[in-house]
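Coordinate inspection notes
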Amino acid sequence: LTVPAAAPRDLWDLLHLQEPGTDQHILDGSQAAEDFRETEVSRAFDLLRTRLRQTAKQNGWTNIAVASPTAGCGNTFTVANLAASLSRVPSSRTVLMDFNMRNPGLAKALDMDASLTGDLRDFLAGDVAISDYILRVSDTLAVGLTDETHRDASEIMQDPATAASLAEMRAALRPDIVLYDMPPLLSFDDTAAFLPQLDGVLLVSDGTQTMAKHLAECERILDGQVPLLGVILNRARASSIERF
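Digging into the sheet that holds strand β7 (residues 200-206)
Taken together, the 8 strands give an open sheet; going across it, the order is β1-β4-β5-β3-β6-β2-β7-β8, and neighbouring strands pair in mixed fashion. A strand with exactly one partner marks an edge of an open sheet, and here the two such strands are β1 (16-17) and β8 (228-234). Pairing geometry for strand β3 (residues 94-98) and strand β5 (residues 141-144), over 4 bridges, is parallel. The residue of β5 that forms the bridge with L96 is V143.

As for helix α3 (residues 75-87)
Compared with the 18 Å implied by 1.5 Å per residue over 13 residues, the 18 Å span of α3 between its first and last C-alpha is a close match. Counted residue by residue, α3 has 12 buried out of 13 residues, so it is predominantly covered. For α3, the complete set of buried residues consists of N75, T76, T78, V79, A80, N81, L82, A83, A84, S85, L86 and S87.

Concerning helix α2 (residues 40-59)
Between its terminal C-alpha atoms α2 stretches 29 Å, which fits the 28 Å expected from 20 residues at 1.5 Å a residue. Every buried residue of α2 is listed here: S42, F45, D46, L48, R49, L52 and A56. In a view along the axis of α2, the buried residues occupy a sector of 165°, so they form one face of it. Opposite its buried face, α2 presents the exposed residues E40, R51 and Q58, each directed more than 90 degrees away. On its buried face, α2 is in contact with α1 (31-36), β2 (63-67), α3, β6 (177-181), β7 and β8. Two residues or fewer past α2, G60 is found with a positive phi of approximately 70°.

Observations regarding the nonpolar core
Core analysis: the biggest nonpolar cluster contains 37 residues, and M97, F99, F123, M169 and Y180 have the highest contact counts within it. Of the residues forming this core, the biggest block, 4 residues, is contributed by helix α8 (residues 160-173). If we skip the residues at most four places from it in the chain, F123 touches M97, V128, A129, I130, Y133, S165, L166 and M169. By size, the runner-up hydrophobic cluster in this structure holds 32 residues, among which are L48, L82, L96 and L179.

A closer look at the packing of aromatic side chains
Inspection of the entire model under this criterion finds 5 aromatic pairs. Ring geometry for F45 and F77: centres 5.8 Å apart, planes at 70°, overall edge-to-face. On the criterion of sequence distance, the pair formed by F45 in helix α2 and F77 in helix α3 is long-range, its members being 32 residues apart. Of the residues examined, F45 reaches a relative accessible area of 7% and is grouped as buried. Judged by relative accessible area, F77 falls into the partly exposed class, the value being 28%. Ring centres 4.7 Å apart and planes at 20° place the aromatic pair F123 and Y133 in the stacked group. Here the residue F123 occupies a position in helix α5 (residues 120-124), and Y133 occupies one in helix α6 (residues 130-133), the gap between them amounting to 10 residues. Residue F123 is classed as buried on the basis of its relative accessible area, which comes to 2%.

Brief notes about the side chain of S92
Mapping S92 onto the fold places it in the loop between α3 and β3. Classification of S92 as buried rests on a relative accessible area of 4%. For S92, the side chain forms a polar contact with the main-chain oxygen of L86, separated by 3.4 Å. Setting aside its immediate chain neighbours within four residues, S92 contacts R53, L86, D139, T140 and D176.

Reading the values: rules and limits
- Residues numbered from 1 in each chain as written.
- Predicted model: local features only at pLDDT ≥ 70, side-chain atom pairs only at ≥ 80, totals over all residues.
- Heavy atoms only, no water.
- Pairing = 2+ DSSP bridges.
- Helix = DSSP H or I, 4+ residues; strand = E, 2+ residues; numbered from the N terminus.
- Expected span 1.5 Å × (residues − 1).
- Buried < 20%, exposed > 50% of the residue type's maximum accessible area, 1.4 Å probe, protein only.
- Arc of directions from axis to C-beta.
- Contact = heavy atoms within 4.5 Å.
- Core = buried A, V, L, I, M, F, W, Y, C linked by side-chain atoms within 4.5 Å.
- Phe/Tyr/Trp six-rings, centres within 6.5 Å; stacked < 30°, edge-to-face > 60°.
- Polar contact = N/O pair within 3.5 Å; in protein donor to acceptor, adjacent residues only side chain to side chain.

Below, the structure is given as structure tokens:
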């Protein structure tokens, strides 16, 4: 007689709660956030959210990376606002992970204190419990933050312990989508090293600096590895935006 293994315990409600500070405009809790919700930019993220949810559900996808060709394209701004938009869907769960170990920025963007949790590296190595690292922001959003840089980020990404720890996290928290804020695709090999763990990639381009050759090189890296879900144009010229 074979006894089926018990399902992992749902740890979502056991995560430590940390509310975002008021010096941010992305998550609920500040007047700036309420004002931002009324902008065209916020509505664009809501449209992106809905399309991403539909695509992920149709394909059974969970792990989505947000990356850019080079630094300064607004990657963290984009992934944080996308996560905030996803978190406004009732009865959903989103986990947002800062995987830019070269230059982490999510804690600052969300006005949260990354020092109150265990270290990302130790968590990925399996030495820190999920409930001691992942912070719950609301009933629908949890975040994994870091304020330390790691020169061997690519090696950490490729460590089998990293894949095992992330799989354990997904089983315990049961998120609909896990978003990863990744380092620039063309600056380091970190994101390329992490592609086997991903279901899709959203690419953020900057209307003031990203060139066609940058996007083409990113597509070459992703080709045959993971689907490119779309290119998000940040800092677009006003004259190029179609009005509806």
